[in-house]
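Geometric and topological summary
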Amino acid sequence: MSIAVVLHQPQDLVNIAAAVRAMANMGLERLTVVDPAEFDLRRITGIAHRTEPIVEAATLAGSLEEALADATYVVGTSARPRTAQRNYRRPRDLAPRILRRAQSGSVAIVFGREDRGLSNEALDLCHEVLVIPTSPEYPSLNLAQAVLLVSYELFLAGAGAPDALPTGRRSLGPATTSELEEMYAALEAGLDRAEFFKARKAESVMRIVRTVFGRTGLDAHEVRLIASIGYQVRNRLERLEGRRSAIPDNEG
């Protein structure tokens, strides 16, 4: 089972260590740290004792896109719902789905920096957003607390996780983040060429498209087909425009 805890721009090494300890308590082993303010293996393991296997195997990434490039299912975390429409879920409801997806692909659970969480741009890379219910008077959780609570729900759901569902004969497995981003780029290019954005804001439209497809769990074959549709629309319209411009103007 492949589940990675991704810490995006953590600012405090103690929080990294506490998050690692929470992972070890709940049986999670894969850690990715993106652009940390500091990362010292010896200090982390000195705080979180007996976590050397997790820390020594941790991946350091320069950007969130790099960290998620091979992920097939990405769950972001947020202290509260934002104004943008997204696929918001509670940890207990989402934990079984995370475990199912981890049986056939690489799952990443992304936690934001301590002072401001994940940006809208970071959440755009996530298929769903996990919101932990807290008191409205004091909603924000410490980074390690959030990692522990999510890991705990995964641990509880693990014993009863259902077997993976059968896939179609043409299935190529879950699509990676890189493949999904290529699909979104192709769709946006096709819609732009069709002048779909003349009366609509492209960013808002594409965010809704991401939200819709984020619910579906597309496999690689499906993503390639949808990307081909976007490319075909763009190329077809470009050819038609080229033919029109090549017709001589005989008037005058």
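Let me sum up the structure you'll find in this document. (Residues numbered from 1 in each chain as written. Predicted model: local features only at pLDDT ≥ 70, side-chain atom pairs only at ≥ 80, totals over all residues. Heavy atoms only, no water.)

1. Points about the sheet that holds strand 5 (residues 88–89)
A sheet is described by the order of its strands in space; here 7 strands give the open sequence 3-2-1-6-4-7-5, paired in parallel fashion. This sheet does not close on itself; its edge strands, each paired only once, are strand 3 (59–61) and strand 5. Bridge count between strand 5 and strand 7 (residues 128–131): 2 bridges; the pairing is parallel. Bridge assignment links Y88 to a residue of strand 7, and that residue is V129. (Pairing = 2+ DSSP bridges. Helix = DSSP H or I, 4+ residues; strand = E, 2+ residues; numbered from the N terminus.)

2. Considerations on the environment of P139
With respect to the helices, strands and loops of the structure, P139 is situated in the loop between strand 7 and helix 7 (143–158). Take P139: its relative accessible area is 32%, and that puts it in the partly exposed class. A C-alpha to C-alpha distance of 31 Å links P139 and A69, two positions 70 residues apart in sequence. When sequence neighbours within four positions are dropped, the list of residues in contact with P139 reads A79 and T134. (Buried < 20%, exposed > 50% of the residue type's maximum accessible area, 1.4 Å probe, protein only. Contact = heavy atoms within 4.5 Å.)

3. Remarks on a nonpolar patch on the surface
On the surface, Y152, F155 and L156 cluster together into a nonpolar patch covering about 300 Å² of accessible area. Inspection of the secondary structure assignment puts Y152 in helix 7. (Patch = residues over 30% accessible without salt bridge, like charges linked within 9 Å, V, L, I, M, F, W, Y side chains within 5 Å. Areas by Shrake-Rupley, 256 points an atom, 1.4 Å probe, with all protein chains shown as cover. Salt bridge = Lys/Arg side-chain N within 4 Å of Asp/Glu carboxyl O.)

4. Description of unusual backbone geometry
We note that Q9 has phi near 55°; this positive angle belongs to a residue other than glycine. The exposure class assigned to Q9 is partly exposed, which follows from its relative accessible area of 22%. Here E195, not a glycine, exhibits a phi torsion of approximately 60°, which is positive. Looking at the element boundaries, E195 is found in the loop between helix 8 (177–193) and helix 9 (202–214). For E195, a relative accessible area of 47% translates into the label partly exposed.

5. What about helix 9?
For helix 9, with 13 residues, the first-to-last C-alpha span of 18 Å sits near the 18 Å given by 1.5 Å per residue. For helix 9, the complete set of buried residues consists of V205, M206, R207, V209, R210, T211 and G214. Buried residues along helix 9 sit in contact with helix 6 (120–124), strand 7 and helix 8. (Expected span 1.5 Å × (residues − 1).)

6. Regarding the packing of helix 5 (residues 91–102) against helix 7
Remark: helix 5 packs on helix 7, axes separated minimally by 9 Å, with the N-to-C direction vectors making an angle of 60°. With respect to helix 7, the element helix 5 is oriented oblique. In this structure, helix 5 meets helix 7 at a crossing whose hand is right-handed. Of helix 7, the residues touching helix 5 (which contributes P91, R92, A95, P96, I98 and L99) are E153, L154, L156, A157 and G158. (Axes fitted to C-alpha atoms, helices over the stretch in contact; angles between N-to-C directions. Parallel < 35°, antiparallel > 145°, perpendicular 65-115°, else oblique. Left-handed = near helix turned anticlockwise from the far one by under 90°.)

7. Considerations on the side chain of S106
Looking at where S106 falls in the secondary structure, it is placed in strand 6 (residues 106–111). At 3.4 Å, the side chain of S106 and the side chain of R30 are in polar contact. When sequence neighbours within four positions are dropped, the list of residues in contact with S106 reads S2, R30, D70, A71, T72 and Y73. (Polar contact = N/O pair within 3.5 Å; in protein donor to acceptor, adjacent residues only side chain to side chain.)

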